[in-house]
Amino acid sequence: MLRRTFALVTTTLAVGAGVIAGAAPASAAPAPAPAAVVTLTYDDSQAAEFKSAVAQGAANWNASVTNVRLVKATLGQRVNIRVIADDGWPRATLGPVRPTGSGTVWFGRQAVDDGYNVVRIITHEFGHSLGLPDRRTGLCSDLMSGSSAPVSCANALPNATERAQVQRNYASALVAQPVETTILVDAA
């Protein structure tokens, strides 16, 4: 009996305090807090002839997901993802890269020489930095199918599953940077 009386008094006091303070009724659910947008900077100063493709690949991800942004680093700004053109096969550090972490994308000319679409290549490699592994489905609609899709494939946009995974990867800006570094080589 004493417990019920105490609970009733406590509830009455809480409701009364809310009314006096002008608070919303207890039945109104609070609006969900907007997800924090994680900003990752990239440096294309070593991307050579692929700088415009790098900008388009970042724009493709920025148009596809809402809680992470790829932004070109300004002079003196901390860089999270370095893009380096080289003569090998494209490869990248597997993320998800965090604002306190870093990764590298090697924009390998070998895939370009084989005829693969340059914007698809960089968008795919940025996908690795955002935490997506290769999925060798052979489907052009799957960005992360990489070189298993036909050379003629020009799709440079992530599909719904890939977008959702990146959204989950960046659902919390507080998730720790992985300690182990993995480099994914997208060889044919």
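Keep in mind the model is a prediction, meaning the values are calculated, not measured. (Residues numbered from 1 in each chain as written. Predicted model: local features only at pLDDT ≥ 70, side-chain atom pairs only at ≥ 80, totals over all residues. Heavy atoms only, no water.)

S.K.: What am I meant to see in helix H4 (residues 118–129) here?
M.R.: A turn of α-helix holds 3.6 residues, and therefore any two residues three or four places apart point the same way. Its twelve residues give H4 an end-to-end C-alpha distance of 17 Å, which sits within 8% of 16 Å, the value for a rise of 1.5 Å per residue. The buried fraction of H4 is high, at eleven of twelve residues. Inspection of H4 places Val119, Arg120, Ile121, Ile122, Thr123, His124, Glu125, Phe126, Gly127, His128 and Ser129 among the buried residues, and these make up the whole buried set. Directly beyond the C-terminal end of H4, a positive phi value near 105° is found at glycine 131. (Helix = DSSP H or I, 4+ residues; strand = E, 2+ residues; numbered from the N terminus. Expected span 1.5 Å × (residues − 1). Buried < 20%, exposed > 50% of the residue type's maximum accessible area, 1.4 Å probe, protein only.)

S.K.: Before we go on, may I ask you to explain the nonpolar core in this structure?
M.R.: Across soluble globular proteins, you tend to see nonpolar side chains buried next to one another. Counting 33 residues, the largest nonpolar core has Leu40, Trp61, Leu70 and Phe126 as its most contacted members. Of all the secondary structure elements, the ones that give two or more residues to this core are strand S1 (38–46), helix H2 (51–64), strand S2 (68–72), strand S3 (81–86), strand S5 (103–108) and H4. Discounting chain neighbours no more than four positions away, the residues touching leucine 40 are Val68, Arg69, Leu70, Val71, Asn80, Ile81, Val97, Arg98, Pro99, Leu130 and Tyr170. (Core = buried A, V, L, I, M, F, W, Y, C linked by side-chain atoms within 4.5 Å. Contact = heavy atoms within 4.5 Å.)

S.K.: Can you walk me through empty space enclosed by the protein in this structure?
M.R.: The final tally for this structure, using the stated rule, is one cavity of 30 Å³ or more. What the largest cavity holds in volume is close to 120 Å³. If you trace the largest cavity, you find 13 residues lining it, with Tyr116, Ile121, His124, Gly146 and Ser147 closest to the centre. The biggest single contributor to the lining of the largest cavity is H4, with four residues. (1 Å grid on protein atoms, 1.4 Å probe; cavity = no way out; pocket = protein on both sides within 12 Å on 5 of 7 lines; lining within 4 Å. Points joined across faces, edges and corners; volume = space filled by probe spheres on them.)

S.K.: Looking at this structure, I do not really get the side chain of histidine 124. What am I missing?
M.R.: Considering the arrangement of structural elements, one finds histidine 124 in helix H4. Within the local environment of histidine 124, its side chain forms a polar contact with the backbone oxygen of leucine 143, the two atoms lying 2.9 Å apart. (Polar contact = N/O pair within 3.5 Å; in protein donor to acceptor, adjacent residues only side chain to side chain.)

S.K.: Which parts of the structure should I look at to understand the confidence of the model for the chain?
M.R.: Parts of the prediction with low pLDDT should not have their coordinates interpreted in detail. Here the chain averages 84 in pLDDT, while 73% of its residues score no lower than 70. Low confidence marks residues 1–27, where pLDDT is under 50. Its contacts with residues over four positions away, or in another chain, come to one contact. For the stretch residues 174–179, pLDDT sits under 50, and the model shows eight contacts to residues farther than four places along the chain or on other chains. (pLDDT = per-residue confidence, 0-100.)

S.K.: What am I meant to see in the packing of H2 against H4 here?
M.R.: Each pair of packed helices can be summarised by the angle the axes make with each other and by the distance between the axes. In the contact formed by H2 and H4, the axes pass within 8 Å of each other and the chain directions differ by 55°. Classed by the angle they form, the pair H2 and H4 counts as oblique. Like other packed secondary-structure pairs, H2 and H4 cross with a definite hand, here right-handed. Each of Ala53, Val54, Gln56, Gly57, Ala58, Asn60 and Trp61 in H2 lies in contact with H4, whose residues at this interface are Val118, Val119, Ile122, Thr123, Phe126 and Gly127. Here the residues of the contact of H2 with H4 sort into eight nonpolar, five polar and no charged. (Axes fitted to C-alpha atoms, helices over the stretch in contact; angles between N-to-C directions. Parallel < 35°, antiparallel > 145°, perpendicular 65-115°, else oblique. Left-handed = near helix turned anticlockwise from the far one by under 90°. Nonpolar A, V, L, I, M, F, W, Y, C, P; charged D, E, K, R; others polar.)

S.K.: Please clarify how unusual backbone geometry should be interpreted in this entry.
M.R.: As a rule of thumb, non-glycine residues mostly have phi less than zero, and peptide bonds are mostly trans rather than cis. Residues glycine 95 and proline 96 are joined by a peptide bond in cis, for which omega reads 15°. Looking at the secondary structure, you find proline 96 in the loop between strand S4 (91–93) and S5. Phi at alanine 48 takes a positive value of approximately 50°, unusual for a residue other than glycine. With respect to the helices, strands and loops of the structure, alanine 48 is situated in the loop between S1 and H2.

S.K.: Explanation requested: H2 in the structure shown.
M.R.: Taking 1.5 Å per residue, 14 residues should reach 20 Å; H2 reaches 20 Å between its end C-alpha atoms and fits that length. Along H2, the positions that sit buried rather than exposed are Ala53, Val54, Gly57, Ala58, Asn60, Trp61 and Ser64. Buried residues in H2, looked at end-on, bunch into an arc of 150°, giving them a common side. For H2, the exposed residues set more than 90 degrees away from the buried face come down to Ser52 and Ala63. Tucked inside the fold, the buried residues of H2 contact S1, S2, S3, S5, H4 and helix H5 (160–169). (Arc of directions from axis to C-beta.)

S.K.: How do you make sense of the state of the cysteines when you look at a structure like this?
M.R.: Each disulfide consists of a covalent bond between the sulfur atoms of two cysteine residues. The tally for this structure, following the rule as stated, stands at one disulfide. Across the disulfide, cysteine 140 is cross-linked to cysteine 153 (sulfur-sulfur distance 2.0 Å). Its torsion about the S-S bond being 85°, the disulfide of cysteine 140 and cysteine 153 is classed as right-handed. Of the two residues, cysteine 140 sits in the loop between H4 and H5 while cysteine 153 sits in the loop between H4 and H5, which places them 13 residues apart along the sequence. Judged by relative accessible area, cysteine 140 falls into the partly exposed class, the value being 31%. (Disulfide = S-S within 2.5 Å.)

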